[in-house]
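# Commentary on secondary and tertiary structure
Next come the chains, spelled out residue by residue.
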Amino acid sequence: MTTTGADLSTLLHQDHATAKTLLQGFEAVPVSERQRAFDDIVGELVRHEVAEEEVLYPTLRDKAANGNAIADARIAEQAKAEQLLSDMEHDPVNETAFMAKFHQLRTAVLAHAEAEESTALPALVASVTPDQLRQLGERYEAAKKLAPTHPHPNAPDAPPGNLMLGPVAALFDRARDAVRGVRSR
Ligand SMILES: [Fe+2]
């Protein structure tokens, strides 16, 4: 599998910048495009979070001073964002209830990304060698590619070309299973 050769800290900063751009640009997207734009956000967040859970947090727990406490706090934030996404799937993307939850999601995800950048990433960089950081980057990129964000293409209730959002919890589960299944081979 081709990877960019970037180290894990660089990749995670890049992903956070991408998520920030998508989240901050969402309200400027024309109403007719919003479902697709939101699907993109969900896909990006699912792949990023699942790959972090697989590569970043186990490494912190294993190698970093205070790694367990940092991992626990950041994973709790991710779980909150995941719950919000799951709640949002029942609201049409343009309605007030959806937008209220979207604003909560954006605040939560951006605060989580900042917390990762100020705690998890410095702890990671301090606890592994530059070579290990690059190897972790490779594993992260592979995990992100393997984490599916689409349902099975033949699922009868999935509209063609649409990323099925419901249920979001199952989307995260499928992504986790895929990444872990490959690792255990
Ligand atoms: Fe992150």
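Our structure's up above, just so we're on the same page.
The following refers to the structure shown. Remember, predicted model here, so these are calculated numbers, not experimental data. (Residues numbered from 1 in each chain as written. Predicted model: local features only at pLDDT ≥ 70, side-chain atom pairs only at ≥ 80, totals over all residues. Heavy atoms only, no water.)

### Re the packing of aromatic side chains
Between two aromatic rings, the relevant description is the distance of the centres plus the angle of the planes. Applying the stated rule across the entire model yields five aromatic pairs. When the centroid spacing of 6.2 Å and the interplanar angle of 45° are considered together, the rings of F26 and F98 count as tilted. In this pair, F26 is assigned in the loop between helix 1 (8–25) and helix 2 (34–63) and F98 in helix 4 (residues 96–127), connecting sequence segments 72 residues apart. Residue classification places F26 among the buried residues on the basis of a relative accessible area of 1%. With a relative accessible area of 1%, F98 lands in the buried category. (Phe/Tyr/Trp six-rings, centres within 6.5 Å; stacked < 30°, edge-to-face > 60°. Helix = DSSP H or I, 4+ residues; strand = E, 2+ residues; numbered from the N terminus. Buried < 20%, exposed > 50% of the residue type's maximum accessible area, 1.4 Å probe, protein only.)

### Let's talk about the nonpolar core
Of all hydrophobic cores here, the largest spans 50 residues; its most connected members are L8, F38, L60, L85, F102 and L105. Only helix 1, helix 2, helix 3 (67–88), helix 4, helix 5 (130–146) and helix 6 (168–183) provide two or more residues apiece to this core. The biggest single contributor to this core is helix 2, with 12 residues. Setting aside anything within four residues of it in sequence, one finds F102 in contact with L23, F26, F38, I41 and M88. (Core = buried A, V, L, I, M, F, W, Y, C linked by side-chain atoms within 4.5 Å. Contact = heavy atoms within 4.5 Å.)

### Quick look at the coordination of the iron ion
Protein ligation of the iron ion involves H16 (NE2), H48 (NE2), E52 (OE) and E116 (OE), the donor distances falling in the range 2.0 to 2.2 Å. Sequence positions of the donors to the iron ion reduce to the motif H-x31-H-x3-E-x63-E. Placement of both H48 and E52 in helix 2 is noted, with a separation of four residues, approximately one turn of the helix. Just as H48 is buried, E52 falls in that class too. (Donors = N, O, S within 2.8 Å, 3.2 Å for Na, K, Ca; no water.)

Scope: geometric values only; no functional claims are made or implied.
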